[in-house]
Amino acid sequence: MVNYPVIDLHEDIAYYLMNSGRLEEEFQDFDIDAPGRQSDIPKLIRGNVKIVFGAVFPIHDTYNPLIGERISSGYGTRSIKSYTPAASKLIGFEMIKIYLVLTRRFSRFRIIESYSDVEQILNSDLIGLLMSVEGADMIDDPYDLLLLHRLGIRALGITWNFDNRYGASCFTRKDYGLTMDGEELVRLANELGVIIDLAHASRNTMIDVLNISKKPVVISHANVQGVHKHLRNIDDDVLELLSRNHGVVGITMIPSTIGPQPNTDSLVKHVLYIHERFGPDIIAIGTDFLGIEKTPEDLSNIGEITRLISKLVEYGLGDNDIRKITFENALRVIRNNLS
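Residues numbered from 1 in each chain as written. Predicted model: local features only at pLDDT ≥ 70, side-chain atom pairs only at ≥ 80, totals over all residues. Heavy atoms only, no water.

> Explain unusual backbone geometry here, please?
With the exception of glycine, the majority of residues adopt a negative phi angle, and the majority of peptide bonds are in the trans configuration. One non-glycine residue with positive phi stands out, namely His246, at about 65 degrees. Looking at the element boundaries, His246 is found in the loop between α10 (236–245) and β10 (248–251). (Helix = DSSP H or I, 4+ residues; strand = E, 2+ residues; numbered from the N terminus.)

Written out as structure tokens, the structure reads:
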């Protein structure tokens, strides 16, 4: 089997560094293969990962028992996170700065701002960081996206697990879908070449965006309802619209979204479910490494991503399918947005 490049549609690098309690030390040794760390430069190299969507996650710790009660099941300590717009903006800018500093400290990293950057990265030993805001909570006004675009943001999630002025989230009490401000945000993102990310969005928000977006979208890290029921997983109606949109879903390593036995065999069931019903062209990889407390039993870091790829081959997927899943499908979406 050829060792194809990998595009990972979601890693929480900045969140991990910012909340490690030892930011400066982690910065200094991110080029060391640290035991127990889900991702770092040596592991990315070992997994042949060429592009990472680096999350800008503008949510902070606060006490919110109502939210905690609603989303604590299966989702770890993030159940006590919340946001205020002002704090979210400050946190978001700090995380953007973290990615910029990473590229100054480690010559292996390059920020992706255009498709020509992608082409250079794929033909070199560089690793591309495509900065992606996870939830539009730091955006007071749709036109704040103009500022974020200038700062290098090239992907934008409509929501995290909270409803906001742009759309309902997967944990909403009333699924009102995409708002008028959300429609304007999608329109502007399409115009600027910012990839829309529907991970964490509600079903109706996903459907609304997929019906209006002129560019292909990503659902950066999610699995499928047809294999395992979970509020973060997506159903066949959304998958059908995603196929028409020519977007992709990144199969994710979040154990609670995988099934009762979160391992590579269970992950493959999600891939095969999509493949059998919708073909190989909408499947990608979005690990959520560095943003999850636990990992699949036999896939503990990004350097081991070849275990999933080998398992897909074992279950009968051919070379053409593997190439699409590891990088070609995601690359198509990047090209169609950033070009």
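> Quick question: what am I supposed to make of α10 here?
In an α-helix there are 3.6 residues to a turn, and that puts residues three or four apart on one side. Within the span of α10, buried status applies to Val238, Leu239, Leu241, Leu242 and Asn245. An end-on view of α10 places all buried positions within 165 degrees of arc, on one side of the element. Here the buried face of α10 lies against α9 (203–212), β9 (218–219), β10 and α12 (264–278). At the N-terminal boundary of α10, the capping side chain belongs to Asp235, with an oxygen 3.2 Å from the backbone nitrogen of Asp237. Phi for His246, located one or two positions after α10, is positive at around 65 degrees. (Buried < 20%, exposed > 50% of the residue type's maximum accessible area, 1.4 Å probe, protein only. Arc of directions from axis to C-beta. Contact = heavy atoms within 4.5 Å. Polar contact = N/O pair within 3.5 Å; in protein donor to acceptor, adjacent residues only side chain to side chain.)

> Just to check I follow, could you spell out the pairing of strand β1 (residues 6–11) for this structure?
Looking along a regular strand, one sees the side chains alternate between the two faces of the sheet. Taking burial as the measure, the six residues of β1 include six buried ones, the bulk of the element. In the sheet, β1 pairs with strand β2 (residues 49–56) via four bridges, with the strands oriented parallel. Bridged to Val6 within β2 is Val49. (Pairing = 2+ DSSP bridges.)

> Would you take a moment to explain the side chain of Asn263 for this structure?
Within the fold, Asn263 resides in the loop between α11 (255–258) and α12. A distance of 2.9 Å separates a polar side-chain atom of Asn263 from the backbone nitrogen of Ser266.

> Help me understand the packing of helix α6 (residues 115–122) against helix α14 (residues 319–338) in this model?
Geometry of a packed helix pair, given as the angle between the helix axes and the separation of the axes. One way to put it is that α6 packs onto α14 with a least axis distance of 9 Å and a crossing angle of 145 degrees. Where α6 approaches α14, its residues Tyr115, Val118 and Leu122 are matched on the opposing element by Leu331, Ile334, Arg335 and Leu338. (Axes fitted to C-alpha atoms, helices over the stretch in contact; angles between N-to-C directions.)

> What is the right way to read the packing of aromatic side chains from this model?
What describes a pair of aromatic rings is the distance from one ring centre to the other and the angle between the planes of the rings. According to the stated counting rule, one finds five aromatic pairs in the structure shown. Their ring planes at 75 degrees and their centres at 5.2 Å tell us that Trp160 and Phe162 sit as a pair that is edge-to-face. Accessibility expressed as a relative area gives 5% for Phe162, which makes it buried. Cluster of aromatic residues (ring-pair linked, three or more members): Tyr15, Phe57, Trp160 and Phe162. Seen from the ring of Tyr273, Arg277 lies directly overhead, with NZ or CZ sitting 3.6 Å from the centre. (Phe/Tyr/Trp six-rings, centres within 6.5 Å; stacked < 30°, edge-to-face > 60°. Lys NZ or Arg CZ within 6 Å of the ring centre and 35° of its normal.)

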